[in-house]
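Here are the chains, one letter per residue:
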Amino acid sequence: MFLTQATAAAVREEFGTPCYVYDRSTLEAAARNALAFPNAFGFTLRYAMKANPSHSVLRLFLGLGLHVDASSEHEVERAIRAGFEPGRIQLTSQAPARGLQSVVDRGVLYNACSLTQLENFGKLFPGREASIRINPGLGSGSTNRTNVGGPGSSFGIWHEHLDEAKALAALHGLRLTRMHTHIGSGTDPVVWKRVARMSLGIAGRLPDARVLNLGGGFKVARMPSEKSTDLQDVGAHMKQEFMDFRERTGRELHVEIEPGTALVANAGCVVATVIDVVDTGKDGYVFAKLDTGMNEVTRPSLYGAQHPIDVLGGEGRDAAKVVFVGPCCESGDILTPAPGDPEALAPRDVPRPCVGDLVVVGGAGAYCAAMSTINYNSYPQAPEVMHEEGGKLRLVRRRQTFDQVVENEVGQG
Ligand SMILES: *Cc1c(COP(=O)(O)O)cnc(C)c1O
C-alpha cells in the first residue's frame, strides 16, 4: 500500500472522504514494466483507458510514450484532449461508432468488432487498411461477467465468420492489415502462449496482416492470496510463438498488447471513513458501514471481486470478523462478498472498527472511478487525487457538488 496513515489522514483533512487516491510512482513503474514486454518483431503498448480515463493518468502515460485503446468515440475525445495524437489511438467499440466518419478522418485507428462495423467502415472508407477484432472461440474470464471470448461473448467477429469478413473486405477493397483479439487471458504464461498461437493461426489466413493485437486481461493480484501476471514471462512465451510463425510463413508480425488493469489497478485506493458499526446478534455478523461502497467501488457487488481493506489506527484492538458495507440503502452495497459470489457475505479479520476510523480500500485504480454507480442515493461523485513523488497531494477531479447532481434535471427551481 502506497499510503501511510499520515497521508491518508491528510487526504481526509484536505479533500474529505470518500476520495480516490492514485500514486504516480506506482503508475510509472507499471507502465515501464509493460514497456519492457519481450517481443520478436516490434511492440506497441496501448493503455485500455476505460480502466481509468482520468486526465491525470492519460497525461502520465502520454509522457511515457504509450498508445491508447478507446472503447467509444467519447473516450477518443478524452484521449485527444489529453494530448494523444489521433494516430496513437485505436477505437475498439461495442457500438458501431456514430461518429465513425469524423473519428477516422481525424486519423484514429478503427478496429471493426463485428461484420456490421466492418461493412460500415468499408462503405465509408473503401480501399483503406482495416483492422478486425476476432473472437477466437476461447474465453478465460474468472466469472461469466468478465468473459470476453468464447461462444458466450458478443465481442468480436466469431472465428468461423472469418471468410465472410474477408469477403466483405474484398467487396470494399479493404486490406486487413491489423488483427485483434482480447479474451482476457489471466496470469498463466502457458495460456497466453496458447492464445498467441491460436491468434497467429487466424492471422495466417489474413495474408496482409502486419500487426497482431492480443488485447489486455493481464490479471493483477489485489489481495495477498491472488497472483499477478508476470509480463516478462508471458512476453517471452509469446515471442517464441511469433518467431515460430515466421519460420512457418516468412512473415514478421508486430505485437501489441492493451492492458488496462495491469497498468493502474494497484496504483489507486479509496480513502474512506467508518460511519457506523452494527451487528445482528451472536449468530449474525458485525457490519462496518463505510462512506464508500458500490458508488465508488462497484466491482465487489457486480462480480464478487475482492479488494483489500485496511482499518488504520486499529493496532492493539481486539480482532473481529467484519463485513464491510457501503452507505447506500441497497442490500447489494457490499465491499466484502465471497470471492466470485456477490450474494454471499465474507467477513474479514480486522481490528474491531470504530466510528470515525480511517479505512483504505486498495486495488481501486482500475474500473472503480471509471465504473462507479455515481449518484445512487444522490451521493455526489467522489474526488480524485494524485499522490505525487515527494508526497504532494494534487487534486485532479473535484468532488461533485449537490447542484451538479441535479443540474440536468428540467424544471429545477
Ligand atoms: C477492457 C479492454 C482491455 C483491457 O482489459 P484489462 O482486463 O483491463 O487489461 C483491452 N482491450 C479491450 C478491447 C478491452 O475492451
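Computed from a predicted structure; not experimentally measured.

**A word on the site of the ligand**
Alright, step 1. Taken together, 14 residues lie near the ligand, and Lys 50, Gly 217, Glu 258, Thr 261 and Tyr 367 sit nearest.
Alright, step 2. Contacts to the ligand include Lys 50, whose side-chain N or O atom sits 2.7 Å from an oxygen atom.
Alright, step 3. Between the ligand and Asp 69 there is a distance of 3.4 Å, counted from a nitrogen atom to a side-chain nitrogen or oxygen.
Alright, step 4. For the ligand, whose unbound accessible area comes to 390 Å², protein coverage reaches 88%.
Alright, step 5. By residue class, the composition of the shell around the ligand is 3 nonpolar, 7 polar and 4 charged.

**A word on the domain arrangement of the protein chain**
Size of an interface, as often reported, equals the accessible area lost when the parts are brought together.
Alright, step 1. If you check the domain split of the protein chain, you get domain 1 (24-265) and domain 2 (268-406).
Alright, step 2. In this structure, domain 1 and domain 2 have C-alpha centres spaced 32 Å apart.
Alright, step 3. The interface of domain 1 with domain 2 comprises 19 residues on the first partner and 21 residues on the second.
Alright, step 4. Between domain 1 and domain 2 lies a buried interface of about 1,700 Å² when both sides are counted; carbon and sulfur atoms form 53% of it.
Alright, step 5. The tally of links from domain 1 across to domain 2 stands at 1 salt bridge.
Alright, step 6. The residue Glu 388 makes a salt bridge to Arg 24 at a minimum N-O spacing of 2.4 Å.

**Here we look at unusual backbone geometry**
Alright, step 1. The linkage connecting Thr 17 with the following residue, Pro 18, adopts the cis geometry, with an omega of -5°.
Alright, step 2. The backbone phi angle of Tyr 367 is positive, close to 55°, even though this residue is not glycine.
Alright, step 3. Within the fold, Tyr 367 resides in the loop between strand S18 (358-361) and strand S19 (384-387).
Alright, step 4. On the basis of relative accessible area, Tyr 367 is assigned to the buried category, the value being 17%.
Alright, step 5. Here the phi dihedral of Asn 375 falls at roughly 75°; this positive angle occurs in a residue that is not glycine.
Alright, step 6. Here Asn 375 shows up in the loop between S18 and S19.
Alright, step 7. Given a relative accessible area of 22%, Asn 375 falls into the partly exposed group.

Rules behind the numbers
- Residues numbered from 1 in each chain as written.
- Predicted model: local features only at pLDDT ≥ 70, side-chain atom pairs only at ≥ 80, totals over all residues.
- Heavy atoms only, no water.
- Near = heavy atom within 4 Å.
- Polar contact = N/O pair within 3.5 Å; in protein donor to acceptor, adjacent residues only side chain to side chain.
- Areas by Shrake-Rupley, 256 points an atom, 1.4 Å probe, with all protein chains shown as cover.
- Nonpolar A, V, L, I, M, F, W, Y, C, P; charged D, E, K, R; others polar.
- Domains from an automatic or database assignment.
- Contact = heavy atoms within 4.5 Å.
- Buried area = accessible area lost by both parts, 1.4 Å probe.
- Salt bridge = Lys/Arg side-chain N within 4 Å of Asp/Glu carboxyl O.
- Helix = DSSP H or I, 4+ residues; strand = E, 2+ residues; numbered from the N terminus.
- Buried < 20%, exposed > 50% of the residue type's maximum accessible area, 1.4 Å probe, protein only.

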